[in-house]
There are 2 protein chains.
Amino acid sequence: MNVSDIFISLPVHMARNVEFDEQLAISKAMDVFWKKGYNGASMRDLTEAMGINSSSLYNTIGDKHQLFIKCIKHYTESRMEAAKKQLHQISSPLKAIEKYINASAYTITTEPNSCLAIKTTFEVATFDVEVQKIIKSDNEFTYQLLIGLIKKAIDIQEIKFTKDAEMLTDYIINHFTGWHESFIIHQDKTRIKKTAKFLIEQLNK
Amino acid sequence: MNVSDIFISLPVHMARNVEFDEQLAISKAMDVFWKKGYNGASMRDLTEAMGINSSSLYNTIGDKHQLFIKCIKHYTESRMEAAKKQLHQISSPLKAIEKYINASAYTITTEPNSCLAIKTTFEVATFDVEVQKIIKSDNEFTYQLLIGLIKKAIDIQEIKFTKDAEMLTDYIINHFTGWHESFIIHQDKTRIKKTAKFLIEQLNK
DNA sequence: ATTATTCTAAAACGTTTGTTTCAAATTTTA
DNA sequence: TAAAATTTGAAACAAACGTTTTAGAATAAT
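To start, this report covers the structure provided alongside it.

Cut-off values and rules
- Residues numbered from 1 in each chain as written.
- Chains lettered and ligands numbered in written order.
- Predicted model: local features only at pLDDT ≥ 70, side-chain atom pairs only at ≥ 80, totals over all residues.
- Heavy atoms only, no water.
- Helix = DSSP H or I, 4+ residues; strand = E, 2+ residues; numbered from the N terminus.
- Rg over C-alpha atoms; globule rule 2.2 N^0.38 Å.
- Core = buried A, V, L, I, M, F, W, Y, C linked by side-chain atoms within 4.5 Å.
- Buried < 20%, exposed > 50% of the residue type's maximum accessible area, 1.4 Å probe, protein only.
- Expected span 1.5 Å × (residues − 1).
- Polar contact = N/O pair within 3.5 Å; in protein donor to acceptor, adjacent residues only side chain to side chain.
- Axes fitted to C-alpha atoms, helices over the stretch in contact; angles between N-to-C directions.
- Parallel < 35°, antiparallel > 145°, perpendicular 65-115°, else oblique.
- Left-handed = near helix turned anticlockwise from the far one by under 90°.
- Contact = heavy atoms within 4.5 Å.
- Buried area = accessible area lost by both parts, 1.4 Å probe.
- Salt bridge = Lys/Arg side-chain N within 4 Å of Asp/Glu carboxyl O.

1. Quick look at the overall build of chain A
Next, step 1: Counting its secondary structure elements, chain A contains 9 helices and 0 strands.
Next, step 2: Starting at the N terminus and ending at the C terminus, chain A contains elements arranged as α-α-α-α-α-α-α-α-α.
Next, step 3: Computed over C-alpha atoms, the radius of gyration of chain A comes to 22 Å, more than 25% over the 17 Å expected from 2.2 N^0.38 for 205 residues, which places it beyond the range of a compact globule.
Next, step 4: For chain A, the spread of C-alpha atoms along the three principal axes comes to 70 × 50 × 30 Å.

2. Notes on the nonpolar core
Next, step 1: The biggest cluster of nonpolar side chains holds 70 residues, and the ones touching the most others in it are Ile97(A), Ile101(A), Ile172(A), Ile97(B), Ile101(B) and Ile172(B).
Next, step 2: Counting 68 residues, the second-largest nonpolar core is a separate cluster that includes Leu46(A), Tyr75(A), Ala117(A) and Phe20(B).

3. Thoughts on helix α7 (residues 129–155) of chain B
Residues and elements named next belong to chain B.
Next, step 1: With 27 residues, α7 ought to run about 39 Å at 1.5 Å a step, and its terminal C-alpha atoms sit 37 Å apart, in line with that.
Next, step 2: Regarding α7, its N-cap is Asp 128, as a side-chain oxygen of that residue lies 3.1 Å from the backbone nitrogen of Glu 130 further along.
Next, step 3: The first or second residue beyond α7 is Gln 157, which carries a positive phi of 60°.

4. Section: the packing of helix α7 (residues 129–155) of chain A against helix α8 (residues 165–186) of chain A
Residues and elements named next belong to chain A.
Next, step 1: Relative to each other, α7 and α8 sit at 125°, their axes nearing to 9 Å. For the element pair α7 / α8, the angle class is oblique. In this structure, the crossing between α7 and α8 has a hand that is right-handed. For the pair α7 and α8, the contacting residues are Thr 142, Tyr 143, Leu 146, Ile 147, Ile 150, Lys 151 and Ile 154 in the first and Ala 165, Glu 166, Leu 168, Thr 169, Asp 170, Ile 172 and Ile 173 in the second.

5. Some points on the environment of Ala25(B)
Residues and elements named next belong to chain B.
Next, step 1: With respect to the helices and strands, Ala 25 occurs in helix α1 (residues 22–36).
Next, step 2: Taking relative accessible area as the criterion, Ala 25 reaches 3% and is therefore assigned buried.
Next, step 3: A C-alpha to C-alpha distance of 8.0 Å links Ala 25 and Ala 49, two positions 24 residues apart in sequence.

6. Side note on the interface of chain A and chain B
Next, step 1: Contacts between the two partners involve 40 residues from chain A and, on the opposite side, 41 residues from chain B.
Next, step 2: Here chain A packs against chain B, burying approximately 3,800 Å² in sum over the two surfaces, 63% of which is carbon and sulfur.
Next, step 3: For the pair chain A and chain B, the interface holds 2 salt bridges.
Next, step 4: Of all elements in the fold, only α1 (22–36), α6 (116–123), α7, α8 and α9 (189–203) of chain A reach the threshold of two or more residues within the side of chain A that touches chain B.
Next, step 5: For the side of chain A that touches chain B, the element with the highest residue contribution is α8(A), accounting for 15 residues.

What follows is the structure, encoded as structure tokens:
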């Protein structure tokens, strides 16, 4: 055996390339899961929205579950990027926290669907360990982002009423889920804006 | 036509009575929906848990959707009764609020499944108007219960930092949903207890 | 241009879905 | 006790489910 044998299993003739844009297709599938949930979305719903045949889907991305995993990864990753950009270069940590809270309230009361990560948490995260991991790391990202800001704010005494940064981070994050539920039930922006305003006032005490 | 004709359509021969206990069967079905969600629960899952045949189910309760409606009604109604009993005769409004918060935190970190009402809100309440109504009135109950206490607490100056009872009610309720999500993700009781403690401290300012 | 390879579309796959049928069992009224 | 009415269990229903197969179109390398 010589070195070239190692590569003998590689395709000699490279036939057709995949026709469809995988990222675009996943984004389309994500929208379906977002609206209908994991169990509520059928493969026919998905392939129709993606504009591809199920054979292409199974040849490239995989089965329904693998597709779902890619969709929520896509969702959480794009949210992370958006958050990074959003808080990029804000001098005051407390101002950054406030901006993050207001941006969350705005997103919740503006987007057509409630957060896919939260919907997924309540629908399948209890059973599905693979989903659990993604949801957990998404949550951890937000947590680290906020706790960094809170620790800084405590350090420079922008926040004076507590030294427990971990608790305060949890405390703030908890609100977002409640706002989502509230908005589904009442469809009332002002209720959420008022509580967001109050939460920010609390931070300034 | 005489008066007796009005009743002529009523059954003359009353045959068998329904064998199974409907309330018990609905309670069993509720557990299945609670674990698997609406779309995740199959009729075979449900009838097996209920211990009845699907023909009996369709003859008495109705189809899957009607069964689900009865299940979430059962869920919300029993929760309402429990809440009423719980706060029955507590002299101080603020103490009653605190008890309600602590009881919520305890339930969230103790029960095997996350709240059926919240799971339902995120899974189907966006589309299903019948479900929406039930969820909304369940929410309204909690809202009225809390706002009553908060208004009293403001009146007798147990709460001094705000006069906006509506906002504060929303603010408190919002936490519960967040705790549910947090507990699904982290399974950490102390994180929830800490934020509950902090929330109560805020009320005493 | 031929060959090897991969992609795509349509159809079909076996299961499972929610729901209905139907005969047998049961019970009440007469 | 006979007749009428209704529930029950088992089987069957069509439709939809997630997935696979298959034949042919497409394309890169020879």
